[in-house]
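Listed below are the residues making up each chain.
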Amino acid sequence: MEEKVLAERARLRFAPSPTGYAHIGTARTALYNFLLARHLGGDFILRIEDTDRRRYMEESVADIVTSLHALGIDWDEGPDKGGAYGPYRQSERLPIYHEYLHRLIETGHAYPCFCSGEKTAASQHKGDKKGSDSASGSGSAASGSGSGSAPTPVATGYDRTCRSIPPEEARRRMEKEPYAIRFKMPLSGTTVAHDALRGDITFDNSLLDDHVLLKQKQPGEKWAWPTYHGAAPIDDHLMKITHIVRGDEWLPSIPRHVLLFKAFGWEPPVFCHLPVILSPSGKGKMAKREGSTAVREFLKAGYLPEALRNFILLLGWSGKNDQDIYSLEEAIAAFTMEGISKSPAAFRTDKLDWLNGVYIRNLSTEELAERLAPYMQEAGLLKDPADAGERDYLKQIVPLIQERITLLSDTPELVRFLYEEPPEYEAALLMQKVSAEEASRILQTALEVVAAAEPFTGEHLHAVLKEAAERLGVKAGQMFLPLRVAVSGRPVSPGSVTDIMAILGRDKTRARLAKALGKLGKL
RNA sequence: GCCACCAUCGUCUAGGGGCCUAGGACGCCGCCCUUUCAAGGCGGUGGCGCGGGUUCGAAUCCCGCUGGUGGUACCA
């Protein structure tokens, strides 16, 4: 079966539902689908699954599109691009679902359900809902059971009242009563579904319910809306999707989908369910509670999109060798389903931080300055359209921070002293490695050297100050610490002291040295 | 509760019966380099959840247990 599928052109889709900002899990699913599609030389399709009108969020689609683009993911067909299998928004495909799903009633694979939403809601949830009973944990199992005769447990879901309505009567009632369409689940037997990662999985049909495929039509609406289970398989077939790579949360509903394909007489595609991404603590799904989840938040926080992409690539997939850094092209070449891991991964940012540093260090000065600009502007150190002089100044500064930042957003506070007067500091900071007298002599000498240095470059300043240190009989470390404090206001600052001086220029450097000397003078 | 999936260093993972005294990366620790902090180089710490099988031999196969996660909607 898989050979047969692979013989045709591969077509993969990413089908998010626009209920919020694109989050990390979303991005990973999109990335894996994209990489596999490209690896197989096939098509990649974006399809918007907007059948949930209640949770629909307007900015969501735009955010998903920008987030994916930022990560380097692009598609061949989609709502913004069109394509031969459109439309690509489910909200625009309502008549299609209507037709196919009603066809299922004709063939006896589904039936209309006239029960109200309230009634069905009441007939289900006979079993526990998870959080409802407070502090269950270890207690519940021990306490309740014993010999108590629990009410006969209903398997799950809808009680199938309407399943036994004779077809003739059902047809008549459909004329004037609102109805939903439910799948007629086999009452016995098993369904075997195949997952590319886990092999065959067997499900007991008697445990599966008659789930809704088409929701009840709402007053005033022309068409009824489908559920995910009603719409996705139809779209996947009509769009000639060959591989479905999606989140683990869909694994339990895979029998519903293969049964539906079977009911239509269609060949199901290859299924591959990705393990969930756990929160950093490893407890539960990644959720907003434990830090950021949206791609846009990571980008705003100062992560490079290519680093983020590299990180999520590795979060649940690994290649044949021990490679850690993958360009997009390398990822496409190396990505196969076999490399996807089956167990869930905790979202820890340690490695992401490291990767971000690696990518930052690999950027050219110009490129990094470009990427830094928004953060500098946000911090008020750069005007919004920055003029040539400002951009030039920033480029001078970039080498000082390139090797020491983890996040782009680390930069402004690190280099603020190159834009503004450093904040007041204690005179004691000048004397960490030397006595007050020595510090005075060092500063005094530096003042003279700086006044005369020509050219005023980091390199030359370094040479002449080193000489001065020898003359004074102090070690380099003793020489440069007080100068660093004087010039940057802190004992720890980016760059070599002499590079800082060169960037500041002769006048500012002299002023700051003099000010430091003044502090010592008052002692 | 029921159903399903998963289970190798702290984290991400390699491993598909002998090549494993279990490899890599991040983190952590130490040393080197060094005008601070970084970066870089070198070294180290650290793991096959438990119990049964199968086999000459098991991290690798099977069963059970335990644990984790997901699902159980006219949400996706």
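Sequence order sets the numbering: in each chain, residues are counted from 1 along the sequence as written. Written order decides the labels, with chains lettered from A and ligands numbered from 1. With the structure being a predicted model, the display of local features is reserved for residues of pLDDT at least 70 and the display and counting of side-chain atom pairs for 80 or more, all residues being used for whole-chain, interface and lining totals. The basis for the side-chain values is all heavy atoms of the structure; hydrogens and waters are excluded.

Caption draft 1: Highlighting the overall build of chain A. Secondary structure counts use DSSP, requiring at least four H or I residues in a row for a helix and at least two E residues in a row for a strand, with both numbered from the N terminus. When helices and strands are counted, chain A shows 21 helices and eleven strands. Our radius of gyration looks at C-alpha atoms and nothing else; its globule reference is 2.2 Å times the residue count to the power 0.38. Here the C-alpha atoms of chain A give a radius of gyration of 33 Å, more than 25% beyond the 24 Å that 2.2 N^0.38 yields for 523 residues. Taking the principal axes of the C-alpha coordinates as reference, chain A spans close to 105 × 60 × 50 Å. Working definition: with a 1.4 Å probe on protein chains only, accessible area under 20% of the residue-type maximum means buried, over 50% means exposed, and in between means partly exposed. Relative to its full complement of 523 residues, chain A shows a buried share of 48%.

Caption draft 2: Molecular detail of helix 20 (residues 497-504). Extensive coverage of helix 20 is indicated by the burial of six of its eight residues. Those residues of helix 20 that fall on the buried side of the exposure criterion are Val497, Thr498, Ile500, Met501, Ile503 and Leu504. Note on helix 20: the residue one or two positions beyond its end, Gly505, has a positive phi of about 95 degrees.

Caption draft 3: Local environment of the environment of Asp387. For Asp387, the position within the fold is in the loop between helix 14 (365-378) and helix 15 (388-402). According to the relative accessible area criterion, Asp387 is partly exposed, its value standing at 37%. Pairing of N or O atoms within 3.5 Å defines a polar contact, subject to two protein rules: one partner must be a possible hydrogen donor and the other a possible acceptor, and residues neighboring in sequence count only if both atoms are side-chain atoms. Within the structure, the side chain of Asp387 is placed 3.0 Å from the backbone nitrogen of Gly389, a separation counted as a polar contact.

Caption draft 4: Expanded view of helix 13 (residues 350-361). An expected span of 1.5 Å times one less than the residue number is assigned to each helix. Here helix 13 contains twelve residues, and its C-alpha end-to-end distance of 17 Å stays within 8% of the 16 Å for a straight helix at 1.5 Å per residue. The set of residues buried in helix 13 consists of Leu352, Leu355, Asn356, Gly357, Val358, Tyr359 and Ile360. On its buried face, helix 13 is in contact with helix 10 (295-300), helix 11 (305-314), helix 14 and helix 15. Any two residues whose heavy atoms approach within 4.5 Å are treated as being in contact.

Caption draft 5: Geometry of the pairing of strand 5 (residues 190-195). Side chains Thr191, Ala193 and Asp195 of strand 5 all project onto a buried face; the interleaved residues Thr190, Val192 and His194 project onto a face where none is buried. Pairing between two strands requires that DSSP report at least two bridges joining them. Bridge analysis of strand 5 against strand 6 (residues 199-204) gives six bridges, and the strand direction is antiparallel. Paired with Asp195 across the two strands is Gly199, which belongs to strand 6. Counted between consecutive antiparallel strands, the loop separating strand 5 from strand 6 contains three residues.

Caption draft 6: Fine view of the sheet that holds strand 4 (residues 180-183). Taking strand neighbours across the sheet as the criterion, the three strands line up as 3-4-7 in an open arrangement whose pairing is antiparallel. Each having just a single partner strand, strand 3 (110-113) and strand 7 (212-214) make up the two edges of the open sheet. In this sheet, neighbouring strand axes are inclined to one another by 40 degrees on average, regardless of whether the strands run parallel or antiparallel. For strand 4 and strand 7, the ladder comprises two bridges, and the chain directions are antiparallel. Note on strand 7: the bridge partner recorded for Ile181 is Leu214. Axes here refer to lines fitted to C-alpha atoms; in helices the fit is confined to the stretch in contact. Angles between the N-to-C directions go from 0 to 180 degrees.

Caption draft 7: Geometry of the nonpolar core. For this analysis, a nonpolar core means a set of buried residues of the types Ala, Val, Leu, Ile, Met, Phe, Trp, Tyr and Cys, connected via side-chain atoms within 4.5 Å. Counting residues in each nonpolar core, the largest one holds 109 residues, and the members touching the most others are Leu418 and Leu483. Not counting residues within four places of it along the chain, the set of residues in contact with Leu483 comprises Ile442, Leu443, Ala446, Leu465, Val497, Met501 and Leu513. In this structure, Ile105, Phe114, Met174 and Ile234 belong to the second largest nonpolar core, which totals 45 residues.

Caption draft 8: Summary view of unusual backbone geometry. With an omega dihedral of -5 degrees, the bond running from Gly86 to Pro87 counts as a cis peptide bond. Relative to the elements of secondary structure, Pro87 occurs in the loop between helix 3 (60-70) and helix 4 (94-106). In this structure, the amide linkage connecting Glu454 to the following residue, Pro455, adopts the cis form with an omega of 0 degrees. One can find Pro455 in the loop between helix 17 (436-452) and helix 18 (458-472). Of note, the phi angle at Arg160 is positive, near 70 degrees, even though the residue is not glycine. When you line up the elements, Arg160 lands in the loop between helix 6 (139-144) and helix 7 (167-176). For Lys240, which is not glycine, the phi dihedral falls at a positive 60 degrees.

Caption draft 9: Layout of the pairing of strand 8 (residues 243-247). Taking burial as the measure, the five residues of strand 8 include five buried ones, the bulk of the element. Strand direction decides the pairing type here: strand 8 and strand 9 (residues 270-274), joined by five bridges, are parallel. If you follow His243 over to strand 9, its bridge partner there is Val270.

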